[in-house]
Amino acid sequence: MSISYDAILADMITVAREAGALTLGYFRRFRDIEIGIKGPADFVSDADKESELLIRKFLFERYPDWSFTGEEFPPVDKADQEYRWLVDPIDGTTNFINGMHYTISLALRRGNETVIGVLYNPPADEMFTAIVGEGSFLNGERLAVSEQTDIGLMNIGTGLPTPGLSLYPGSYERLDAIRAPVGAVRIVGSAANSCAYVAMGRLTGYYEETGFTDTAAGILFVQEAGGIVTDWWGRGPEYYEQTGAMIVANKATHTYLIDKLKDVPKKEPKGAV
């Protein structure tokens, strides 16, 4: 079967907009949203579930044999496991339930490679897209990471780990050390959107311990926009895709963050010797 990435991208954009319209209905009355708690500082709403079901139905109708991994329901393994969708129906649920910007993230994996990414921010109507080898785009305009090299002007994104739940002790001490010399640290509230902001230069870099389903599309955006993606110790996707400890950044910010994080005990993937 001949695969057209352009046609698949068009379908992904369509369903992202449909999920955006659905979730915006909830977002506009965010004070009335019923909230569930999956764990400490980990929330879910009916909108998350409905968005994932909408996306899954749309994609299965067009690509019935491809597998699917989402945030809200168990994975679906179909006949063709070479192709797998990675979907976060609302990335930044805490933002969402408080009336702040959130995103809808879709990635298509072929084997161990992300080949297409789509990220939609419905409140801002920002659609980030990428096909591997063809560049990253925001609403059709090509993206490039920031050229900033001055540490005092770096703008670095991260998240605030919940005490006791972080993969690594000392998160706040590291944050303080990272923050002191740079221009600013910003918490966007969506890992996927943070990656997209690096791709377009709103952030010079971003580091966090987070899930790969959230960030697969965003990582592709950064790579296609000329950025660097590694784990905290400079290692490749076989590490950060499993451990969640990732840096996405321009070259100078990547060097800075690697230096600041180098003494953290290394997290190894499951199954590593």
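Here is a short report on the structure shown in this document. Nothing here was measured: the structure is a model prediction, and the numbers come from that model.

Observations regarding the side chain of Thr23
As for its position among the elements, Thr23 is in helix H1 (residues 5–27). Of the residues examined, Thr23 reaches a relative accessible area of 0% and is grouped as buried. Filtering out sequence-adjacent residues up to four positions away, Thr23 remains in contact with Ala47, Ser51, Ile90, Phe96, Tyr102, Ile104 and Pro122.

Let's talk about the packing of aromatic side chains
Using the criterion set out here, one finds eleven aromatic pairs in the structure. Both rings, one in Phe60 and one in Phe68, keep their centres 5.8 Å apart while their planes meet at 65 degrees; by these two values the pair is edge-to-face. Residues Phe60 and Phe68 agree in their burial class; the two are buried. Their ring planes at 15 degrees and their centres at 4.6 Å tell us that Tyr63 and Trp66 sit as a pair that is stacked. Here Tyr63 matches Trp66 in class, with each residue buried. Put simply, the rings of Tyr63, Trp66, Tyr83 and Trp85 touch in pairs and so form one group of aromatic residues. Note that Arg29 overlies the ring of Tyr26, its terminal NZ or CZ placed 5.0 Å from the centroid. It is Arg62 that lies over the ring of Phe58; its NZ or CZ is 3.6 Å from the centre.

So, the layout of surface pockets
Put simply, the second largest pocket is a space of about 190 Å³. Along the walls of the second largest pocket sit Arg109, Asn112, Phe212, Pro237, Glu238, Glu241 and Gln242, which together make up its complete lining. Looking at the lining of the second largest pocket element by element, the count peaks at four residues for helix H7 (residues 237–243). Looking at the lining of the second largest pocket residue by residue, the classes come out as two nonpolar, two polar and three charged.

Digging into helix H6 (residues 212–224)
Here H6 contains 13 residues, and its C-alpha end-to-end distance of 17 Å stays within 8% of the 18 Å for a straight helix at 1.5 Å per residue. In the structure, H6 departs most strongly from a straight axis at Gly218, where the bend amounts to approximately 30 degrees. Among the 13 residues of H6, twelve are classified as buried, and the element is accordingly described as predominantly covered. Listed in full, the buried residues belonging to H6 are Phe212, Thr213, Asp214, Thr215, Ala216, Ala217, Gly218, Ile219, Leu220, Phe221, Val222 and Glu224.

Quick notes on the rules
Residues numbered from 1 in each chain as written. Predicted model: local features only at pLDDT ≥ 70, side-chain atom pairs only at ≥ 80, totals over all residues. Heavy atoms only, no water. Helix = DSSP H or I, 4+ residues; strand = E, 2+ residues; numbered from the N terminus. Buried < 20%, exposed > 50% of the residue type's maximum accessible area, 1.4 Å probe, protein only. Contact = heavy atoms within 4.5 Å. Phe/Tyr/Trp six-rings, centres within 6.5 Å; stacked < 30°, edge-to-face > 60°. Lys NZ or Arg CZ within 6 Å of the ring centre and 35° of its normal. 1 Å grid on protein atoms, 1.4 Å probe; cavity = no way out; pocket = protein on both sides within 12 Å on 5 of 7 lines; lining within 4 Å. Points joined across faces, edges and corners; volume = space filled by probe spheres on them. Nonpolar A, V, L, I, M, F, W, Y, C, P; charged D, E, K, R; others polar. Expected span 1.5 Å × (residues − 1). Bend = angle between axes of the 7 residues up to and from the residue.

What is shown is where atoms sit, not what they do.
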